[in-house]
Amino acid sequence: MAARVLIVGCGALGSAHAEALARAGVGHLRILDRDFVEPSNLQRQTMFTESDAEKRLPKAIAAANHLREINSEIEVEPHIIDVNYSTIERVVETCDLVIDGTDNFSTRYLINDACVKHDINWIYGAAVGSYGVTMTIRPHQTACLRCVFEEAPPAASAPTCDTSGVIMPIINIVSAVQVSEALKLLTGQIDALHGSLMQFDVWENDWRRIGTSKRREDCPACGLGLYETLSRADEDAAVLCGRDAIQISPSRPTHINFPTLAERLRRAGEVKFNEYLLRFKTGNFELTVFEDARSIIRGTDEIAIARSLYAKYIGT
Ligand SMILES: [Zn+2]
């Protein structure tokens, strides 16, 4: 009841975490999300209903409404924000624990840097298709995310839930492990933590664990204390004046294979490409993707919406 937990991202994983923690009686839940509920979310995001989608409610607000009905004795604090280098430290600092419900690597590195810097435990989790992965990070005690994955996979290199889908059972498994770890940490049962990078594939029936007790001495975050993502002066998103469009640049250079990306995007909307660029239409938005993964997202002048579309369809 005395604990404060931050849930970053309230999609499939985040809403599963939120419900379990609310039912367990965690006294204060802070929920961050930049998106709104859509009908296509309902197949896996069990917190939300058709009525939430019809009203296009922000996920943080819809989740808070349901959580208050589930447990009226706890405090729920929804925030409709885009987590970036200028907001992350402020929202992390006053929490006991952070639990990952995001859908992209750039946000996870931000969480990692902020949590290592402020010495706050956090629980990484991700799922796509039938595969999921999770790891619990205790800064300076266990490996951090950057010890294990030195760099994010390049933009557009991996499937996302919006291009390849995800089945709900893997969400339940990853969230079950993340929430169990959260309960162990909140009650001080450090010896019960699983101490590994846990991977599951419920279609291939493959379950693996890799030990993560060893930290890398030269890790930029937990070894050298360089929190690159927190001091990023070169903002990766820019509003293109008067064009109702935002430009997103990838955090590191890459080379996109258009036929492969087009194949993936065809399931989610209309796609065309030539040797220079790929154009993808979904709803009222149009994404133009260049060879180096730089993208112009037309149909919005809000950076948060553009970032969300980039994470969903291009992937970071
Ligand atoms: Zn590290």
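Scroll up a little and you will see the structure.
Before going into details, it helps to say that this report is about the structure given with it. (Residues numbered from 1 in each chain as written. Predicted model: local features only at pLDDT ≥ 70, side-chain atom pairs only at ≥ 80, totals over all residues. Heavy atoms only, no water.)

1. Concerning the pattern of salt bridges
Now for step 1: What the rule picks out here adds up to 15 salt bridges.
Now for step 2: R216 is the salt-bridge partner of D218, the closest N and O atoms lying 3.0 Å from each other.
Now for step 3: Looking at R216, the relative accessible area reads 22%, which means it is partly exposed.
Now for step 4: Through salt bridges that share partners, R34, D82 and R307 make up one connected network. (Salt bridge = Lys/Arg side-chain N within 4 Å of Asp/Glu carboxyl O. Buried < 20%, exposed > 50% of the residue type's maximum accessible area, 1.4 Å probe, protein only.)

2. Details of the coordination of the zinc ion
Now for step 1: For the zinc ion, the protein coordination sphere consists of C144 (SG), C147 (SG), C219 (SG) and C222 (SG), at 2.2 to 2.3 Å.
Now for step 2: Coordination geometry of the zinc ion: the four donor atoms subtend angles of 94 to 122° at the metal centre, consistent with an arrangement described as tetrahedral.
Now for step 3: Donor residues binding the zinc ion come from one chain and are separated in sequence as C-x2-C-x71-C-x2-C. With a gap of 72 residues between them, C147 in helix α6 (residues 145-148) and C219 in the loop between β8 (206-211) and β9 (237-240) connect regions that are remote in the sequence. No difference in accessibility class separates C147 from C219, as the two residues are buried. (Donors = N, O, S within 2.8 Å, 3.2 Å for Na, K, Ca; no water. Tetrahedral: all angles 85-135°; square planar, octahedral: opposite > 155°, others 65-115°. Helix = DSSP H or I, 4+ residues; strand = E, 2+ residues; numbered from the N terminus.)

3. Comments concerning the side chain of R30
Now for step 1: Among the secondary structure elements, R30 is positioned in strand β2 (residues 28-32).
Now for step 2: One polar contact links the side chain of R30 to the main-chain carbonyl oxygen of V91, over a distance of 2.7 Å. (Polar contact = N/O pair within 3.5 Å; in protein donor to acceptor, adjacent residues only side chain to side chain.)

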